[in-house]
Amino acid sequence: SLGDDLYPVLESIDAQGFLATLDAQLAQIQPLQKVGNALNIPALKSDIDLSALQTWFTIEDGTVEVEPFDLTVAGIPMNVRGTHGLNNDMSYEVLAAVPREMIEGNIVTGAALSALDGLAGQASRLGFDIAPGDVLNLRINIGGSMANPTTTFNLVGKNEGNTSLAASLTEQ
């Protein structure tokens, strides 16, 4: 529907569709730059290649919901899902399998890896096998708006079965 100013009322838009890209890039996307800064991974702060991306989406009451899709950014397998309003608010969850060597030199995440290694050593002495792998599985929540994004990071373990998140994303 149209408002009094003859512009669409964003909250009234409903649609569905399939998004497929052949050759696309995202340049200087603030939410990704914020993730790249937090993890100190320069490749996440630059242009992101979205070639051959395919996903379904729906728009209901002005909110776009993106069905989960897989992509690899800078050698990091990711699974992305979430919503964003046509008014720019967003709520996305990214499951990322970050190779350990990408963040070992980073002071913040390097300290976290050292702590994880220490805990694994203590658990090993107690008979538990929780050796940290070559991949750091993260759940990254991105909220706020495109201009003022918020991010939170959570370490996640292995998914169902006995395979790592990286392995399951690679298999897909």
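Residues numbered from 1 in each chain as written. Predicted model: local features only at pLDDT ≥ 70, side-chain atom pairs only at ≥ 80, totals over all residues. Heavy atoms only, no water.

What to know about the environment of Ala-74
How we decide: Strands here mean DSSP runs of E at least two residues long; helices mean DSSP runs of H or I at least four residues long; both are numbered from the N terminus. We call two residues contacting when some pair of their heavy atoms lies within 4.5 Å.
Along the chain, Ala-74 turns up in the loop between strand S5 (63-73) and strand S6 (76-85). Once you skip the residues sitting within four places of it in the chain, Ala-74 turns out to touch Ala-43 and Met-102.

A few points about the pairing of strand S4 (residues 54-60)
Side-chain positions along a regular strand alternate between the two faces of the sheet. Cut-off, in case you're wondering: Whether two strands pair depends on DSSP finding at least two bridges between them.
Bridge analysis of strand S1 (residues 15-20) against S4 gives 6 bridges, and the strand direction is antiparallel. Residue pairing for S4: Phe-18 is matched across the bridge by Trp-56. In this sheet, S5 lies alongside S4 in antiparallel orientation, the contact comprising 4 bridges. Looking at the pairing, Ile-59 lines up with Val-64 of S5. The turn linking S4 back onto S5 is made up of 2 residues, and Asp-61 within it adopts a positive phi angle of 55 degrees.

Description of unusual backbone geometry
Here is the rule we go by: When a residue's accessible area, from a 1.4 Å probe over protein chains only, is under 20% of the maximum for its type it is buried; when over 50% it is exposed; and in between it is partly exposed.
Notably, Asn-40 is not glycine yet its phi reads approximately 55 degrees, a positive angle. When you line up the elements, Asn-40 lands in the loop between helix H1 (30-39) and strand S3 (48-49). The partly exposed category is assigned to Asn-40, whose relative accessible area is 40%. Unlike most non-glycine residues, Ala-74 shows phi in positive territory, near 55 degrees. For Ala-74, a relative accessible area of 34% translates into the label partly exposed.

With respect to the side chain of Thr-21
The following threshold applies: Two N or O atoms count as a polar contact when they lie within 3.5 Å, although within protein this holds only if one can serve as hydrogen donor and the other as acceptor, and sequence-adjacent residues are included solely when both atoms are side-chain atoms.
One can find Thr-21 in the loop between S1 and strand S2 (25-26). Within the structure, the side chain of Thr-21 is placed 2.4 Å from the backbone oxygen of Leu-50, a separation counted as a polar contact. Setting aside anything within four residues of it in sequence, one finds Thr-21 in contact with Leu-50, Ser-51, Ala-52 and Leu-53.

Comments concerning the confidence of the model for the protein
Where we set the bar: For every residue, the predictor states its confidence as a pLDDT score lying anywhere from 0 to 100.
Per-residue pLDDT for the protein averages 79, and the proportion of residues at 70 or more is 73%. Per-residue pLDDT, averaged within each element of the protein, yields its smallest value for helix H4 (residues 165-171) (48) and its largest for S6 (94). Per-residue pLDDT stays below 50 along residues 159-172; that stretch engages in 23 contacts with residues further than four places along the chain or on separate chains.

Quick notes on the environment of Glu-60
Tracing the backbone shows Glu-60 in strand S4. A relative accessible area of 56% places Glu-60 in the exposed class. Contacts of Glu-60, omitting those with residues within four sequence positions, involve Ile-13 and Asp-14.

Observations regarding the packing of aromatic side chains
Ring pairs (aromatic) are described by centroid distance and by the angle formed between their planes. Here is the rule: Only Phe, Tyr and Trp rings take part, Trp by its six-membered ring, and two of them pair if their centres are within 6.5 Å. Stacked means planes under 30 degrees apart, edge-to-face means over 60, and tilted covers everything else.
Applying the stated criterion across every chain yields a total of 1 aromatic pair. When the centroid spacing of 4.8 Å and the interplanar angle of 55 degrees are considered together, the rings of Phe-18 and Trp-56 count as tilted. Separated by 38 residues along the polypeptide, Phe-18 in strand S1 and Trp-56 in strand S4 bring together distant segments of the chain. Assessed through its relative accessible area of 39%, Phe-18 is described here as partly exposed.

Some words on the environment of Ile-142
On the secondary structure map, Ile-142 appears in strand S8 (residues 135-144). Assessed through its relative accessible area of 8%, Ile-142 is described here as buried. C-alpha of Ile-142 to C-alpha of Tyr-92: the two residues are 50 residues apart in sequence and 5.0 Å apart in space. Every residue in contact with Ile-142, bar those within four places of it in the chain, is listed here: Pro-31, Val-35, Met-90, Ser-91, Tyr-92, Val-94, Thr-150 and Thr-151.

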